[in-house]
Amino acid sequence: MGAWGLGLFQSDTNYDLISDLDLELGLYELTQKASAASSSPEENQKENQHPTSAEEHGDSEKNRVNYSIFADHCSHKEAIDTVKNLLENGKLTQLVAKYEKKMQTGDDSDYLPPGYKLCIIGACAMTLGCHLAPSFINLLKRTYPKNLHMPDSNMQMTKALFGPNGYTNGVAYDFVSKGLIETMDSGGPPEEDLMYPGSNSLNVQAPFGLPPLFGPARKMRSPSYTEPQYPNDVCGGCGKDENAGMGPLMKCACCKNRVYCSKECQKYHWKWHKAVCKPA
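The structure presented is a predicted model; accordingly, all values stated were derived computationally and were not measured.

Here's the deal with the packing of helix 1 (residues 12-24) against helix 6 (residues 114-128)
One can describe the packing of helix 1 onto helix 6 by two numbers: an axis separation of 11 Å at closest approach and a directional angle of 80°. Judged by the angle between their axes, helix 1 and helix 6 are roughly perpendicular. Of the residues in helix 6, those touching helix 1 at Asn14, Leu17, Ile18 and Leu21 are Tyr116, Lys117, Ile120, Ile121 and Cys124. A per-class count over the contact of helix 1 with helix 6 returns seven nonpolar, one polar and one charged.

Right, here's the structure in full:
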């Protein structure tokens with residue numbers, strides 16, 4: 001896995017997944033149709049040939065139309081708006097339902113876990129400024145701690161979901177992830193993230209949880225988790241209330257103050273709740 005950072009959108013794994021999602025959503029086909037419609041037959045024939053100069057190559061890239069679920073891979077503002085509308089008109093709901101079902105049934109037939117895919121889908125939708133359903137936001141809050149194992153990606157999603165200055169529904173969000181060229185131009189990854197001092201290899205595990213290929217020469221930085229800030233009358237782990245259709249919330253057996261929608265959320269939140277939990 002080629003990686004140049006420990007955050008979202010900083011590895012070939014992320015980019016490959018984005019390409020797969022673009023294909024699944026029909027965005028490749030949309031890109032091809034838009035490119036064909038904006039070019040004359042002569043230009044299309046010329047585009048299929050190797051450019052004869054750097055200037056011609058630059059002109060070709062400048063005129064290229066591209067649609068992607070990741071805003072940074074869209075060619076222009078109109079492309080972003082087109083993909084955003086496509087997702088908000090049902091495609092995002094279908095995509096989330098598909099991978100949520102895979103996650104619930106333990107279907108691991110894909111090369112990436114469905115929980116990890118849901119996290120990247122959510123992050124991409126945020127970059128476009130999509131309106132996310134409350135149920136999907138809550139799903140992301142429950143899912144990302146167990147699926148985003150890269151330290152910076154975990155912190156990025158924590159900030160997006162819980163703030164401060166997190167994601168505002170309907171407003172394009174910037175995860176502030178440096179691209180490969182930008183990372184290298186700024187001196188490369190921090191030395192603390194390298195496998196060996198002075199090396200070019202990151203001490204990086206696969207973003208979905210596999211250990212480093214060669215074993216960690218250095219201990220990998222641990223993710224920094226932030227406590228979810230939910231009022232006491234909703235689930236302390238994900239923010240769901242009783243209107244979410246999951247039945248009555250369960251009270252903490254000790255303090256009777258904090259409530260949860262599931263044992264999973266209670267276990268997840270215990271790392272923070274234990275500091276304030278006192279017998280009622």
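That was the structure; now back to the text.
Some words on the confidence of the model for the protein chain
Detailed reading of the predicted coordinates is not advisable wherever pLDDT falls low. When pLDDT is averaged along the protein chain, the result is 82, and 78% of the positions lie at 70 or above. Mean pLDDT in the protein chain bottoms out at helix 4 (residues 54-62), which sits at 50, and peaks at helix 6, which reaches 97.

Quick word on helix 10 (residues 263-273)
Of the positions making up helix 10, those classed as buried are Cys265, Tyr268, His269, Trp272 and His273. Taken down its axis, helix 10 places every buried residue within 140° of arc, on the same side. Residues of helix 10 that are exposed and point over 90 degrees away from its buried face: Lys263 and Lys267. Residues of helix 10 that are buried in the fold lie against helix 7 (134-147) and strand 2 (259-260).

Comments concerning a nonpolar patch on the surface
Residues Leu180, Ile181 and Met184 make up a contiguous nonpolar surface patch of roughly 310 Å² in combined accessible area. Here isoleucine 181 is to be found in helix 9 (residues 180-185).

Section: the pattern of salt bridges
Across all of its chains, the model carries seven salt bridges by this definition. In this structure, glutamate 24 engages lysine 98 in a salt bridge whose closest nitrogen and oxygen atoms are separated by 2.7 Å. Here glutamate 24, found in helix 1, pairs with lysine 98, found in helix 5 (residues 77-105); they are 74 residues apart in sequence, far enough to count as distant. Put simply, aspartate 110 and lysine 102 hold a salt bridge, and the shortest N to O gap is 3.8 Å. Residue aspartate 110 is classed as partly exposed on the basis of its relative accessible area, which comes to 28%. Sharing partners across several salt bridges, the network here consists of Lys102, Asp107, Asp110 and Lys117.

How each quantity is defined
Residues numbered from 1 in each chain as written. Predicted model: local features only at pLDDT ≥ 70, side-chain atom pairs only at ≥ 80, totals over all residues. Heavy atoms only, no water. Axes fitted to C-alpha atoms, helices over the stretch in contact; angles between N-to-C directions. Helix = DSSP H or I, 4+ residues; strand = E, 2+ residues; numbered from the N terminus. Parallel < 35°, antiparallel > 145°, perpendicular 65-115°, else oblique. Contact = heavy atoms within 4.5 Å. Nonpolar A, V, L, I, M, F, W, Y, C, P; charged D, E, K, R; others polar. pLDDT = per-residue confidence, 0-100. Buried < 20%, exposed > 50% of the residue type's maximum accessible area, 1.4 Å probe, protein only. Arc of directions from axis to C-beta. Patch = residues over 30% accessible without salt bridge, like charges linked within 9 Å, V, L, I, M, F, W, Y side chains within 5 Å. Areas by Shrake-Rupley, 256 points an atom, 1.4 Å probe, with all protein chains shown as cover. Salt bridge = Lys/Arg side-chain N within 4 Å of Asp/Glu carboxyl O.

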